[in-house]
Amino acid sequence: MDEQDGTVVATHRVLTIPNIISIIRLAGVPLFLWLVLVPEADGWAFTVLALSGVSDYADGYLARRLHQTSKLGEILDPVADRLYILSTIIGLAVRDIIPWWLAVLLPARDAFLWVLVPFLRTRGYSSLPVHFLGKAATANLLYAFPLLLLGDGTGTVATLAKVFGWAFAIWGTALYWWAGLLYAWQVRKLLTDHERRAPALDGG
C-alpha cells in the first residue's frame, strides 16, 4: 500500500508513469543544450523548456492522482529541475542572454547547500524537507529562462518576454537564496538540538 490514513507514502516502485515522465524530462536536458548552443534553434529550445515545465507539473499531479508516489520519483523530480536550471543558465550565459554573475550566483547556492550535507549526516539525515520557498523559487526560475530565451530577439513579443523573464529571474534568484539560507538555519537548529536525530527506518 502507498496510502495510509489519507497520507501518501512513497514506495520503492520504479516503473511508474510519473517516473517515466521524469526520465523523459532528464533526456531533454542535453537536447536543450544542443538546440540552444549548436544550431541556436531558439524556437525548438523554447518548446523543450515549455514541455519540461508542463511535465514537471504533470508528474507530480499524476503521482498523487494515481497513488504512484515513489522514492525514486522524489529523487528524479528535483534532480531534473536542478539540471534544467543549470543547463539553461549555462546555455543562456554562453549566448550572452544572461550575465555571467547570474550564471555563477545560482549554482553557488546549490554548492552552499551541498556543504551542509555532511553536517546533516551527523544527525542521521541526508536532507531536510523542501520548503515552499524553494518550490516557489524553482517555479519562478523555470518560468524566467524560457521567457529570457524568447526575449532574445526584436519586436513587441520579445520585449515583453524579456521584461517578464527578468522579473521572474530576479524574484526567483532572491527566493532561491532565501530558501537556501532558511535551509541553512534549519540545519543549524538541528545541530544545536543534541537530542534530535532522524527516525530509524523500519525496513519495510
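Keep in mind that this is a model prediction, so the values were computed, not measured.

Draft legend 1. How the structure looks around the packing of helix α2 (residues 42–65) against helix α3 (residues 71–94). α3 packs onto α2 with a crossing angle of 160 degrees between their chain directions and a minimal axis gap of 11 Å. Taken together, α2 and α3 sit at an angle that is classed as roughly antiparallel. In the crossing of α2 with α3, the sense of the turn from one axis to the other is left-handed. On the side of α2, the interface is formed by V48, L49, S52, D56 and D59, while α3 contributes D77, D81, Y84 and T88. Taken together, the residues that form the contact of α2 with α3 break down as three nonpolar, two polar and four charged.

Draft legend 2. Representation of the packing of aromatic side chains. Tallied over the full model, the rule gives three aromatic pairs. Ring geometry for F112 versus W177: centroids 6.1 Å apart, planes at 25 degrees, classification stacked. Residue F112 is located in helix α4 (residues 100–121), and its partner W177 is located in helix α6 (residues 156–192); the two are separated by 65 residues in the primary sequence. Exposure remark for W177: the relative accessible area of 23% places this residue in the partly exposed category.

Draft legend 3. The arrangement of α3 in detail. Here α3 spans 35 Å end to end across 24 residues, near enough to the 34 Å set by a 1.5 Å rise per residue. Of the residues making up α3, those classed as buried are G73, L76, A80, D81, Y84, I85, S87, T88, I89, G91, L92 and A93. Residues of α3 that are buried sit in contact with α1 (17–37), α2, α4 and α5 (132–150). D96 sits one or two residues past α3 and shows a positive phi near 65 degrees.

Conventions used here
Counting restarts for each chain: residues are numbered from 1 in the order of the written sequence. With the structure being a predicted model, the display of local features is reserved for residues of pLDDT at least 70 and the display and counting of side-chain atom pairs for 80 or more, all residues being used for whole-chain, interface and lining totals. To get the side-chain values, all heavy atoms of the structure are used, and hydrogens and water are removed first. Angular values range over 0 to 180 degrees, each being the angle between N-to-C directions of two axes fitted as lines to C-alpha atoms, with helices fitted over their stretch in contact. A run of H or I in DSSP becomes a helix once it reaches four residues, and a run of E becomes a strand once it reaches two; helices and strands are each numbered from the N terminus. Each angle receives one of four descriptions, namely roughly parallel if under 35 degrees, roughly antiparallel if over 145, roughly perpendicular if within 65 to 115, and oblique otherwise. Two helices cross in a left-handed way if the nearer one is turned anticlockwise from the farther one by less than a right angle. They cross in a right-handed way if the turn is clockwise. A contact between two residues is defined here by any heavy atoms of the two lying within 4.5 Å. Each residue gets one of three labels, nonpolar for Ala, Val, Leu, Ile, Met, Phe, Trp, Tyr, Cys and Pro, charged for Asp, Glu, Lys and Arg, and polar for the others, Gly among them. Aromatic pairing here means that ring centres of Phe, Tyr or Trp (its six-membered ring) are within 6.5 Å. Orientation follows from the plane angle: under 30 degrees is stacked, over 60 is edge-to-face, and everything else is tilted. Per-residue accessibility, obtained with a 1.4 Å probe over protein chains only, is compared with the maximum for each type, and a residue is labelled buried under 20%, exposed over 50%, and partly exposed between these values. Expected span of a helix, by definition, is 1.5 Å for each gap between consecutive residues, and there is one gap fewer than residues.

Any functional reading would require information beyond the geometric quantities listed.
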